[in-house]
Amino acid sequence: MARKLESSAIPNGWKYDLLDKLAVRCSGHTPSKSHPEYWNGGVKWVSLTDSYRLDKGYIYATDKEISLAGLDNSSAELHPAETVVLSRDAGIGKSGVMASPMAVSQHFIAWKCDNTEKLNSWFLYNWLQLNKAEFERQAVGSTIKTIGLPYFKKLKISVPPYPEQKKIAEILSTWDKAITTTEQLLANSQQQKKALMQQLLTGKKRLLSENGVRFSGEWNKCTLSSFGKSIRGVNYKPENISEKESKDTIRLLRSTNIQNGNLNDKDLVILPKGLVKPSQTLKKGDLTICMANGSKALVGKSAPFEGGDTTYTVGAFCAIFRPLSDNNAKFVKFLFESSQYKSQLLLILAGSSINNLKGADIESIKIFAPMCLEEQQKIAAVLSIADQEITALQQKLDALKQEKKALMQQLLTGKRRVII
């Protein structure tokens, strides 16, 4: 990104120059914390704790504020609205646009754009977003990685005339609005499912049976062993790993493959089938469970195995929870998502210095649940519909983000020109 482009790569009418010649580069500072009067004075101050607010367009608020005295007695300065910021330390490459005047910490670079002559703030923001991976590659450091100021002094950018910049920014903003709307719909659906689970998996809300009569049977407090059994994952050595897949190999899932209730195929291990017992081969309806991890937050997390043509197993730091019956496999999946399961899991982990579970720990977790199979199936059916809505919205969101990324690649490099 910072390397010089060939002149033939610059579209007609575009200019390739130092970013410093097109916008005013600014840095930030942290007022002394030994002076309370420098803080909480109403001046919004972007710091590393605001990392979660970045990559979302406008920055409307900040976790911390400084005072006018803090500005006067430090190298921090108040930047105007529409200033573009980029994180050069933790969260490297994340960026945003100030919705109102703000200051920044020394962990950020800021650019004040002249929106009437040289560079449009939103064109720059989208350009930074497009090149985020490059910024991450530029970071150096043994413990804390950062991008030094010399890099930004040499940073160059290709820009079209200002009217074209503005038009490109407007086009991309329509995609941002669609993405934001879909994110809100997704968050709403997730919250609705959470509320529905709280009602249905505690018996506060009872559903109707096939004959139209509301379920009324007593619920029992039982252990998860009443619904299935735990199976240990495969213990293997580095020399057991196969380089290529074949009909005699099996894919092994690790704790890193269990994320947000879903399984991913990232960095899979390939093992010979001979190392895996038949009971350790995943079947449709099985739950994969993270049993040990450096992060206690991941221990006990589960994800369902949906089946398919490929054969899978799990590693030694995981386990398989196999429902006793295919008829209630979906209900068991939701038990592992319930607040009952999560609260019991926390009690087990609370006194443990090692983030490690055993199969017996999982099976001993107590759950308040209906014993009527039909009611279990009804609850699972309702919650499955909520899952389907969430999945559809997530797929729509992923598609919108991918389409915007492809469009950015075309518009911000001049491969596709816009009509002014």
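One can find the structure itself at the top, above this paragraph.
What you see is a predicted model; the values in this text were computed from it and never measured.

**Student:** What is the right way to read the overall build of the protein chain from this model?
**Tutor:** The helix and strand inventory of the protein chain stands at 10 helices and 21 strands. Overall, the protein chain is about 70 × 55 × 45 Å in size when its C-alpha atoms are taken along their principal axes. Residue pairs at least 24 apart in sequence account for 74% of intrachain contacts in the protein chain once pairs closer than 6 positions are excluded. Total accessible area on the protein chain is roughly 22,300 Å²; 51% of this is exposed by carbon and sulfur atoms. For the protein chain, the distance from the average site of its 58 positive side-chain charges to the average site of its 41 negative ones is 2 Å.

**Student:** What am I meant to see in the packing of helix 6 (residues 162–200) against helix 10 (residues 373–411) here?
**Tutor:** Relative orientation and spacing of two packed helices are given, respectively, by the angle between their axes and the distance between those axes. In the contact formed by helix 6 and helix 10, the axes pass within 9 Å of each other and the chain directions differ by 165°. As judged from the angle between their axes, helix 6 and helix 10 are roughly antiparallel. The way helix 6 lies across helix 10 gives a crossing that is left-handed. When grouped by side-chain class, the residues that make up the contact of helix 6 with helix 10 number 22 nonpolar, 4 polar and 9 charged.

**Student:** What should I look at first to understand the pattern of salt bridges in this one?
**Tutor:** Once the charged atoms of two side chains with opposite charge are near each other, the side chains can pair. If you walk through the whole model with that rule in mind, you get 19 salt bridges. Notably, a salt bridge pairs Lys112 with Glu77, separated by 4.0 Å at the nearest N-O pair. Within this pair, whereas Lys112 is found in strand 9 (residues 108–113), its partner Glu77 is found in the loop between helix 2 (68–72) and strand 6 (84–87), the two being separated by 35 residues in sequence. Assessed through its relative accessible area of 26%, Lys112 is described here as partly exposed. Overall, the relative accessible area of 33% leaves Glu77 in the partly exposed class. With a shortest N-O distance of 2.8 Å, Arg322 and Asp286 are connected by a salt bridge. Residue Arg322 is located in strand 20 (residues 318–323), and its partner Asp286 is located in the loop between strand 16 (269–272) and strand 17 (287–290); the two are separated by 36 residues in the primary sequence.

**Student:** Explain the packing of aromatic side chains to me, please; I cannot follow it from the model alone.
**Tutor:** Using the criterion set out here, one finds 13 aromatic pairs in the structure. Measuring from ring centre to ring centre gives 5.5 Å for Trp219 and Phe368, while their planes differ by 40°; the resulting arrangement is tilted. Here Trp219, found in strand 11 (residues 219–223), pairs with Phe368, found in strand 21 (residues 366–370); they are 149 residues apart in sequence, far enough to count as distant. Judged by centre distance (5.6 Å) and plane angle (65°), the ring pair of Phe305 and Tyr312 falls under edge-to-face.

**Student:** Any chance you could explain unusual backbone geometry here in plain terms?
**Tutor:** Working note: non-glycine residues mostly have negative phi, and peptide bonds are mostly trans. Here the phi dihedral of Glu82 falls at roughly 80°; this positive angle occurs in a residue that is not glycine. In this structure, Glu82 sits in the loop between helix 2 and strand 6. Of the residues examined, Glu82 reaches a relative accessible area of 22% and is grouped as partly exposed. A positive phi is found at Asp267, a non-glycine position, where the angle reads about 50°. Looking at the element boundaries, Asp267 is found in the loop between strand 15 (262–263) and strand 16.

**Student:** Sorry, what's going on with the environment of Met98 here?
**Tutor:** Tracing the backbone shows Met98 in strand 7 (residues 95–98). Separated by 281 residues in sequence, Met98 and Ile379 place their C-alpha atoms 46 Å apart. Filtering out sequence-adjacent residues up to four positions away, Met98 remains in contact with Tyr58, Ile59, His79, Pro80, Ala81, Glu82, Thr83, Val85 and Val104.

**Student:** Looking at this structure, how should I read helix 8 (residues 339–350)?
**Tutor:** An α-helical turn contains 3.6 residues, so any two residues separated by three or four positions project in the same direction. Compared with the 16 Å implied by 1.5 Å per residue over 12 residues, the 16 Å span of helix 8 between its first and last C-alpha is a close match. Looking at helix 8, one finds that the buried residues are Gln340, Tyr341, Leu345 and Leu349. Down the axis of helix 8, the buried side of the element spans an arc of 155°, and every buried residue falls inside it. Set apart from the buried face of helix 8 by more than 90 degrees, the exposed residues are Leu346, Leu347 and Ala350. Those residues of helix 8 that are buried are in contact with strand 17, helix 7 (329–335), helix 9 (359–363) and strand 21.

**Student:** Would you take a moment to explain the packing of helix 3 (residues 121–130) against helix 6 for this structure?
**Tutor:** In the contact formed by helix 3 and helix 6, the axes pass within 8 Å of each other and the chain directions differ by 60°. Relative to helix 6, the element helix 3 is oriented oblique. For the element pair helix 3 and helix 6, the recorded crossing hand is left-handed. In this structure, helix 3 contributes Trp122, Phe123 and Asn126 to the contact, and helix 6 contributes Gln165, Ile168, Ala169, Leu172 and Asp176. In terms of residue class, the contact of helix 3 with helix 6 is built from 5 nonpolar, 2 polar and 1 charged.

**Student:** In this structure, what is going on with the side chain of Ser47? I would like to understand it.
**Tutor:** Position of Ser47 relative to the elements: it lies in the loop between strand 3 (39–46) and strand 4 (58–59). Separated by 2.9 Å, the side chains of Ser47 and Thr49 make a polar contact. Once residues lying within four places of it in the same chain are set aside, the contact partners of Ser47 are Lys64, Ser105 and Phe108.

**Student:** Help me understand the environment of Ser225 in this model?
**Tutor:** Within the element layout of this structure, Ser225 appears in the loop between strand 11 and strand 12 (228–232). Given a relative accessible area of 34%, Ser225 falls into the partly exposed group. C-alpha of Ser225 to C-alpha of Lys366: the two residues are 141 residues apart in sequence and 9.1 Å apart in space.

**Student:** Is there a simple way to think about the nonpolar core in this case?
**Tutor:** The nonpolar side chains of a soluble globular protein tend to be buried with one another. Grouped together as the largest cluster of nonpolar side chains are 33 residues, with contacts concentrated most on Trp111, Leu119, Leu124, Phe135 and Phe152. Listing elements by their share of this core, those giving two or more residues are helix 1 (19–22), strand 6, strand 9, helix 3, helix 5 (149–154), strand 10 (156–159), helix 6 and helix 10. Among the elements that line this core, the one with the most residues is helix 3, at 6 residues. If near-sequence neighbours (up to four positions away) are discounted, Trp111 is found in contact with Leu19, Asp20, Ala23, Val24, Arg25, Thr83, Val84, Leu86, Leu124, Leu128, Phe152 and Leu155. Met197, Ala319, Phe321 and Leu383 belong to the second largest nonpolar core, which has 31 residues in total.

Rules and cut-offs
Residues numbered from 1 in each chain as written. Predicted model: local features only at pLDDT ≥ 70, side-chain atom pairs only at ≥ 80, totals over all residues. Heavy atoms only, no water. Helix = DSSP H or I, 4+ residues; strand = E, 2+ residues; numbered from the N terminus. Contact = heavy atoms within 4.5 Å. Areas by Shrake-Rupley, 256 points an atom, 1.4 Å probe, with all protein chains shown as cover. Lys, Arg positive; Asp, Glu negative; His and termini not counted. Charge placed at Lys NZ, Arg CZ, Asp CG, Glu CD. Axes fitted to C-alpha atoms, helices over the stretch in contact; angles between N-to-C directions. Parallel < 35°, antiparallel > 145°, perpendicular 65-115°, else oblique. Left-handed = near helix turned anticlockwise from the far one by under 90°. Nonpolar A, V, L, I, M, F, W, Y, C, P; charged D, E, K, R; others polar. Salt bridge = Lys/Arg side-chain N within 4 Å of Asp/Glu carboxyl O. Buried < 20%, exposed > 50% of the residue type's maximum accessible area, 1.4 Å probe, protein only. Phe/Tyr/Trp six-rings, centres within 6.5 Å; stacked < 30°, edge-to-face > 60°. Expected span 1.5 Å × (residues − 1). Arc of directions from axis to C-beta. Polar contact = N/O pair within 3.5 Å; in protein donor to acceptor, adjacent residues only side chain to side chain. Core = buried A, V, L, I, M, F, W, Y, C linked by side-chain atoms within 4.5 Å.

By themselves, these figures tell us nothing about what the structure is for.
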